[in-house]
Amino acid sequence: MMKHIVFITDCSDIAYSELRGTALSELAKLTAQDNISIEPVVSVKPFSILNGNFVLRLMAESYPEGTVFSVILNPSKNRPERLLGRTKKNNFLFVGANTGVFEWFLRDFGVAELYELKDPGFLPFGGKYVHAPAVAKLASGIPPAELGNPFQVSGLRKLEILPGTIVHVDNFGLMKFNTVLPKFEEGARLRITVKGLSIPAVYSTRMMNRETGEWVIYPGSSLGLPELGKVRQNGALELGVAEGDQIFIEIEK
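K.L.:
Looking at this structure, I do not really get the environment of A32. What am I missing?
P.N.:
Summarising the element assignment, A32 is placed in the loop between α1 (14-29) and β2 (36-38). Separated by 107 residues in the primary sequence, A32 and A139 place their C-alpha atoms 8.4 Å from one another. Every residue in contact with A32, bar those within four places of it in the chain, is listed here: L27 and S140.

K.L.:
How should the sheet that holds strand β9 (residues 166-169) be read in this particular structure?
P.N.:
Note: strands within a sheet are paired through backbone hydrogen bonds, in either parallel or antiparallel orientation. The strand order across the open sheet built from 7 strands is β9-β10-β14-β13-β12-β11-β15, with neighbouring strands paired in mixed fashion. If you trace the sheet from one side to the other, it starts and ends with β9 and β15 (247-251), each paired once. With strand direction ignored, the average angle separating the axes of adjacent strands in the sheet is 30°. Note that strand β13 (residues 215-219) and strand β14 (residues 226-230) share 5 bridges and pair antiparallel. Considered in β14, the bridge of P219 is made with P226.

K.L.:
Before we go on, may I ask you to explain the nonpolar core in this structure?
P.N.:
Side chains of nonpolar character tend, in soluble globular proteins, to be buried together. Counting 30 residues, the largest nonpolar core has I8, F69, F102 and F105 as its most contacted members. Those elements that place two or more of their residues in this core are β1 (3-9), α2 (49-62), β4 (68-72) and α3 (103-109). Residue contributions to this core peak at 7 residues, all from α2. When neighbours within four sequence positions are excluded, F69 is seen to be in contact with V6, I8, L56, M59, A60, Y63, F92, L93, F94, V95 and F105. Counting 24 residues, the second largest nonpolar core, distinct from the first, contains A32, L93, A134 and A139.

K.L.:
Help me understand unusual backbone geometry, please; the structure alone is not making it clear to me.
P.N.:
Trans is the prevailing form of peptide bonds, just as negative phi is the prevailing case for residues other than glycine. Residue F47 is not a glycine yet carries a positive backbone phi of 70°. Within the fold, F47 resides in the loop between β3 (42-43) and α2. The exposed category is assigned to F47, whose relative accessible area is 64%. Positioned with a positive phi, F125 is a non-glycine residue whose angle comes to about 60°. With respect to the secondary-structure elements, F125 resides in the loop between β7 (113-117) and α4 (126-140). Under the relative-accessibility criterion, F125 is labelled partly exposed at 26%.

K.L.:
So what exactly am I meant to see when it comes to the layout of surface pockets here?
P.N.:
Considered as a void within the structure, the largest pocket measures approximately 360 Å³ in volume. Along the wall of the largest pocket there are 19 residues; nearest its centre are N74, R82, F125, G126 and G127. Among the secondary structure elements, those contributing two or more residues to the lining of the largest pocket are β4 and α4. For the lining of the largest pocket, the leading source of residues is α4, giving 3 residues.

K.L.:
Can you walk me through α2 in this structure?
P.N.:
Since the α-helix advances by 3.6 residues per turn, residues separated by three or four positions end up pointing in the same direction. A rise of 1.5 Å per residue sets the reference length of α2, with its 14 residues, at 20 Å; its end C-alpha atoms lie 20 Å apart and thus fit the reference within 8%. Those residues of α2 not exposed but buried are I49, L50, N51, G52, N53, F54, V55, L56, R57, M59 and A60. Residues of α2 that are buried in the fold lie against β1, β3, β4, α3, β9 and β10 (175-177).

K.L.:
Whenever I open this one, the packing of aromatic side chains confuses me. Can you help?
P.N.:
In this description, an aromatic ring pair is defined by two values, namely the gap between the centres and the angle between the planes. Across all of its chains, the model carries 11 aromatic pairs by this definition. Centre to centre, the rings of F94 and F105 are 5.8 Å apart; their planes meet at 85°, and the pair counts as edge-to-face. On the criterion of sequence distance, the pair formed by F94 in strand β6 (residues 93-97) and F105 in helix α3 is long-range, its members being 11 residues apart. The class of F94 is buried, set by a relative accessible area of 0%. Residue F105 is classed as buried on the basis of its relative accessible area, which comes to 0%. Three or more aromatic residues joined by ring pairs form one cluster here, namely Y63, F69, F92, F94, F102, F105 and F109.

Conventions adopted
Residues numbered from 1 in each chain as written. Predicted model: local features only at pLDDT ≥ 70, side-chain atom pairs only at ≥ 80, totals over all residues. Heavy atoms only, no water. Helix = DSSP H or I, 4+ residues; strand = E, 2+ residues; numbered from the N terminus. Contact = heavy atoms within 4.5 Å. Pairing = 2+ DSSP bridges. Axes fitted to C-alpha atoms, helices over the stretch in contact; angles between N-to-C directions. Core = buried A, V, L, I, M, F, W, Y, C linked by side-chain atoms within 4.5 Å. Buried < 20%, exposed > 50% of the residue type's maximum accessible area, 1.4 Å probe, protein only. 1 Å grid on protein atoms, 1.4 Å probe; cavity = no way out; pocket = protein on both sides within 12 Å on 5 of 7 lines; lining within 4 Å. Points joined across faces, edges and corners; volume = space filled by probe spheres on them. Expected span 1.5 Å × (residues − 1). Phe/Tyr/Trp six-rings, centres within 6.5 Å; stacked < 30°, edge-to-face > 60°.

Have a look at this one:
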């Protein structure tokens, strides 16, 4: 059975090649290259723990049981603990810094085991020199308990995602945001407020049916989250919004 390693990181330039190469070299030492796939990099917006939360949870929705997720994303001033563990649901393995990035993922998949990675101390690019070798060892079958010391679930850092918060902006300028929409009728007229800007929009089940340049709220493709977009134009770029900004919706009177 194929085992998958997924790096989720804002180190998506040459640094990802270093991560992948380091993991491959470690797998070769362990004679464990067979049936282990290191997937293409999954990019996260630079320094965004919020976006990392969404991206990790989204990947967990798609990848098979037993996948190893490595989250290398740490904008923290103070050096957080390096964690590794296993989920109750789907037996996912995970490695990453204790920044709050695991909040959504572990809320939905649960914690079966949790450890603090045995710490060699600070190293520049710890993702390469500490995390990547640990990921390879996990994928090769070495139990998490052999790589770390027990860590209390209560010590996991939290991340609150407020209603309406944009969690991801894609390359088309479509904004996925955290809310549950009322049961709007097709074509309902809405008023959207974001970053102090007020714009008219409509609700549609398929945004591409609408006219070019029209603002549309619609059911999105990811984790049941709705999306805001400008038809066939980059709406997020026009508004100057990013992950963390909030969207507010009112019905036009």
